[in-house]
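# Breakdown of the fold
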Amino acid sequence: MQKKNFYITTTLPYVNSKPHMGHALEFVQADVIARYQKLIGNDLFFNTGTDEHGQKIYEKAIDENKEPQAYCDEYAEKFKVILDKLNILKEIHFIRTTDIHHISATQTFWKLCEDNGDIYKKAYKIKYCVGCELEKTDSELVDGRCPIHPSFELREIEEENYFFKFSKYQEPLLSFYEKNPEFVVPDFRFNEIKRFVEGGLMDFSISRLKEKMPWGIPVPGDETQVMYVWFDALINYISTLGWPEDTENFLRFWGNKDTPNAIQIAGKDNLRQQSAMWQAMLLSAKLPTSKQVIIHGFITSEGQKMSKSAGNVVDPFEISEKFGTDALRYWLTREMNTFEDGDFTMEKFTDSYNGGLANGLGNLVSRIMKMASTNGVSITREMDFANDNEFEILRDHLSKYEIKRAADEIWKIIGELDKKIQETEPFRLVKTEPEKAKQIIGELVGEVWKIAYMTEPFLPETSEKIFRALKNPSEALTPLFPRI
RNA sequence: CGCGGGGGAGAGCGGUCCGGUUGCUCGUCAGGCUCAUAACCUGAAGGUCAUGGGUUCGAAUCCCAUCCCCGCAACCA
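If you're wondering where the values come from, they're calculated on a predicted model, not measured in any experiment.

With that settled, consider the overall build of chain A. Helix and strand counts for chain A stand at 18 helices and 16 strands. Per-residue burial for chain A yields a buried fraction of 53% across its 484 residues. Restricting to contacts in chain A with at least 6 residues of sequence separation, those with at least 24 account for 76%. Summed over all atoms, the accessible surface of chain A reaches about 22300 Å², with 48% contributed by carbon and sulfur.

The space that makes up the second largest pocket amounts to roughly 420 Å³. Considering the residues around the second largest pocket, the lining is formed by 21 residues, among which Lys-4, Phe-6, Gln-37, Asn-42 and Lys-291 are closest to the centre. Where the lining of the second largest pocket is concerned, the elements lending two or more residues are strand E1 (5-9), helix H1 (21-39), helix H9 (247-253) and helix H14 (392-399). Residues of the lining of the second largest pocket, tallied by class, amount to 8 nonpolar, 9 polar and 4 charged. Summarising the domain contributions, the lining of the second largest pocket has at least three residues from each of domain 1 (5-296) and domain 2 (345-471).

As a further point, take the sheet that holds strand E12 (residues 262-267). Sheet strands pair via backbone hydrogen bonds, and the direction of the pair is either parallel or antiparallel. Across the sheet, which stays open at both edges, the 6 strands sit in the order E3-E2-E1-E12-E13-E7 with parallel pairing between neighbours. Of all the strands in the sheet, the pair left with one neighbour each is strand E3 (93-96) and strand E7 (184-185). Bridging between strand E2 (residues 43-50) and E3 involves 4 bridges; their strand directions are parallel. From the neighbouring strand, Thr-50 faces E3, where its bridge partner is Arg-96. Helix-sheet contacts for helix H3 (residues 68-85) involve E2 and E3, and the interaxial angle to E3 is about 160 degrees. Sheet strands in contact with helix H10 (residues 271-284) are E7, E12 and strand E13 (292-296), and its direction is about 140 degrees off that of E12.

This paragraph deals with the sheet that holds strand E11 (residues 222-227). What the 3 strands build is an open sheet, ordered E9-E11-E10; its pairing is antiparallel. Both edges of this open sheet fall to strand E9 (207-209) and strand E10 (218-219), since each of them pairs with a single strand only. Where E9 meets E11, 3 bridges bridge the pair, whose relative direction is antiparallel. Bridged to Leu-209 within E11 is Gln-225. Sheet contacts for helix H4 (residues 100-115): E9, E10 and E11; angle to E11, the most-contacted strand, approximately 105 degrees.

Take the environment of Asn-472 next. The residue Asn-472 is located in the segment after helix H18 (460-471) in this model. Relative accessible area serves as the criterion here: at 30%, Asn-472 is assigned to the partly exposed category. When the C-alpha atoms of Asn-472 and Asp-51 are compared, they prove to be 46 Å apart, with 421 residues separating the residues in sequence.

Taken domain by domain, chain A holds domain 1 (5-296) and domain 2 (345-471). Taking the mean C-alpha position of each, domain 1 and domain 2 sit 41 Å from one another. Contacts between the two partners involve 12 residues from domain 1 and, on the opposite side, 13 residues from domain 2. Area buried by domain 1 at its contact with domain 2 is led by Val-32, Tyr-36 and Leu-39, which between them contribute 48% of it. In this assembly, domain 1 and domain 2 are joined by 1 salt bridge. Across the domain 1-domain 2 interface, the total number found is 2 residue pairs in polar contact (both at pLDDT 80 or more). When residues of the side of domain 1 that touches domain 2 are traced back to their parent elements, those giving at least two are H1 and E13. The biggest single contributor to the side of domain 1 that touches domain 2 is H1, with 6 residues. In the side of domain 1 that touches domain 2, the residues fall into 8 nonpolar, 3 polar and 1 charged.

Turning our attention to the side chain of Asn-249. Turning to its location among the elements, Asn-249 is positioned in helix H9. Taking the relative accessible area as the measure of exposure, Asn-249 reaches 17% and is therefore buried. If we skip the residues at most four places from it in the chain, Asn-249 touches Phe-45, Leu-241 and Trp-254.

All right, on to the packing of aromatic side chains then. All chains considered together, the criterion is met by 28 aromatic pairs. Judged by centre distance (5.3 Å) and plane angle (75 degrees), the ring pair of Trp-110 and Phe-231 falls under edge-to-face. With Trp-110 in helix H4 and Phe-231 in helix H7 (residues 229-234), this residue pair connects regions lying 121 residues apart in the sequence. Taken individually, Trp-110 and Phe-231 each receive the classification buried, so the pair is uniform in this respect.

Lining the immediate surroundings of RNA strand B are 50 residues, of which Arg-195, Trp-230, Asp-269, Asn-337 and Asn-363 lie closest. Of everything in RNA strand B that lies within 4 Å of the protein, sugar and phosphate atoms constitute 66%. In this structure, a phosphate oxygen belonging to RNA strand B sits 3.2 Å away from a side-chain N or O atom of Lys-370. A distance of 2.9 Å is found between a base nitrogen of RNA strand B and a backbone nitrogen or oxygen belonging to Phe-481. Of all the secondary structure elements, the ones that give two or more residues to the surface near RNA strand B are H1, helix H6 (187-198), strand E8 (204-205), H10, helix H13 (346-374), helix H15 (403-424) and helix H16 (426-432). Take the surface near RNA strand B: its biggest share by element is 9 residues, from H13. Tallied by class, the residues present in the surface near RNA strand B amount to 16 nonpolar, 18 polar and 16 charged.

Conventions we followed
- Residues numbered from 1 in each chain as written.
- Chains lettered and ligands numbered in written order.
- Predicted model: local features only at pLDDT ≥ 70, side-chain atom pairs only at ≥ 80, totals over all residues.
- Heavy atoms only, no water.
- Helix = DSSP H or I, 4+ residues; strand = E, 2+ residues; numbered from the N terminus.
- Buried < 20%, exposed > 50% of the residue type's maximum accessible area, 1.4 Å probe, protein only.
- Contact = heavy atoms within 4.5 Å.
- Areas by Shrake-Rupley, 256 points an atom, 1.4 Å probe, with all protein chains shown as cover.
- 1 Å grid on protein atoms, 1.4 Å probe; cavity = no way out; pocket = protein on both sides within 12 Å on 5 of 7 lines; lining within 4 Å.
- Points joined across faces, edges and corners; volume = space filled by probe spheres on them.
- Nonpolar A, V, L, I, M, F, W, Y, C, P; charged D, E, K, R; others polar.
- Domains from an automatic or database assignment.
- Pairing = 2+ DSSP bridges.
- Axes fitted to C-alpha atoms, helices over the stretch in contact; angles between N-to-C directions.
- Buried area = accessible area lost by both parts, 1.4 Å probe.
- Salt bridge = Lys/Arg side-chain N within 4 Å of Asp/Glu carboxyl O.
- Polar contact = N/O pair within 3.5 Å; in protein donor to acceptor, adjacent residues only side chain to side chain.
- Phe/Tyr/Trp six-rings, centres within 6.5 Å; stacked < 30°, edge-to-face > 60°.
- Near = heavy atom within 4 Å.

Quick look at the structure:
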């Protein structure tokens with residue numbers, strides 16, 4: 001099989017809050033795909049990082065009495081810690097939108113769009129709450145008023161901002177979608193964005209007055225303005241590759257216009273930004289588009305949106321500390337519907353842990369390894385992903401990013417093995433026909449090897465433990481997942 | 001007429017695109033096994049697949065209408 005270059009990126013979390021379950025979901029989903037690609041022998045560029053500019057960060061920093069940069073440093077660190085905690089591939093690139101190189105790349109990008117006539121200045125009306133002394137977006141308002149200060153009338157202030165000619169890209173985007181029928185996965189999200197673009201596009205504001213909000217990347221050639229955070233943040237997907245200087249790396253992983261290569265994963269709230277706005281920006285800069293955008297759902301808790309006020313926030317850090325990284329990864333990949341919303345409760349979590357991990361995978365490995373060590377049976381076969389047809393089903397699902405379905409296939413095998421042990425009874429047969437029993441146990445050990453191999457993208461730590469046990473069947477195996 | 005998702009055994013989900021004995025997980029009940037983490041295997045009970053109409057030999061699935069729940073509605077994973 002020919003080696004390919006594979007690029008995948010998450011969205012960059014905005015550092016206005018610490019890592020939560022939704023971030024964990026996206027990191028783990030991306031990691032499963034990345035690990036799988038690595039396993040089948042492809043060269044990998046895996047990207048994530050932190051989105052650090054903008055008004056909200058600026059305010060938070062002031063609230064916490066910190067310099068914005070110091071505040072961001074602190075939060076970027078928190079995200080690095082959660083990546084580690086989730087056992088995300090160490091080779092992941094971690095870009096920060098305050099990185100010097102990102103800043104210069106963004107300014108270059110801006111100039112490309114500007115040269116193409118897609119950036120212009122226009123008076124822009126903003127709604128301003130005198131109570132908060134802040135600008136408010138329409139989505140923040142309740143009944144047209146600031147929810148915190150409903151007694152104040154909102155003031156309309158006019159300021160000059162730069163705008164991006166999004167409207168110009170309605171037709172180009174639609175024809176691009178037409179030519180790339182798999183551009184957004186799953187298909188119902190693709191329909192959603194098509195309908196949105198068909199409905200007409202409004203140019204969007206891409207800068208802010210520096211004197212009001214200095215925490216942004218300076219607009220080239222205009223000292224009075226900084227870029228609006230969205231414009232800057234999206235560019236990370238290519239600045240992380242060393243664009244614009246490192247054209248070789250860029251072509252290798254981002255691809256060219258005929259064969260775009262970048263896979264992006266994002267939450268459903270990011271559908272527009274990733275699959276329309278960002279693609280229009282790339283078209284404007286005359287750069288290749290992304291290859292595919294994968295959209296996942298949200299995690300609710302007790303059927304409701306997680307929020308501090310509802311008191312139902314589940315901390316991924318705590319869960320993995322308490323039950324293990326792979327227990328959390330298992331839940332995120334197998335219990336969650338890959339493309340839809342899922343609900344997290346402690347009860348569901350422990351049920352799935354006990355069922356799938358303790359009674360399922362853990363117990364199966366225990367019973368087979370015990371028989372193997374008692375009877376001196378060791379591993380007899382080895383396979384690999386790239387060449388073996390045994391993995392075809394898994395391959396089919398993962399090439400479509402059907403993470404849950406791929407995991408389901410593994411657990412189907414686990415169930416069949418439990419059944420096979422019961423039906424062939426090697427533990428009993430060993431007393432009457434030891435050779436035949438050993439042969440069966442040998443087959444079972446081979447199956448455990450296969451499971452360890454297939455499990456690696458999902459549960460890397462467990463996979464490693466099983467491999468270790470397979471090499472030393474005589475060593476006592478501690479339960480992989482004690483019941484909880 | 002804004003967009004989208006959903007209504008199904010006690011609970012949670014597949015299945016719906018491309019009509020043809022409702023499938024899975026957990027729970028309950030009965031039996032079996034003893035290699036294993038009170039784990040594992042077999043079987044059973046339990047559903048008018050939201051409602052009303054239509055198409056069809058046949059509808060959870062297609063069409064029309066209605067009711068209810070939940071997100072989003074330009075920058076919140």
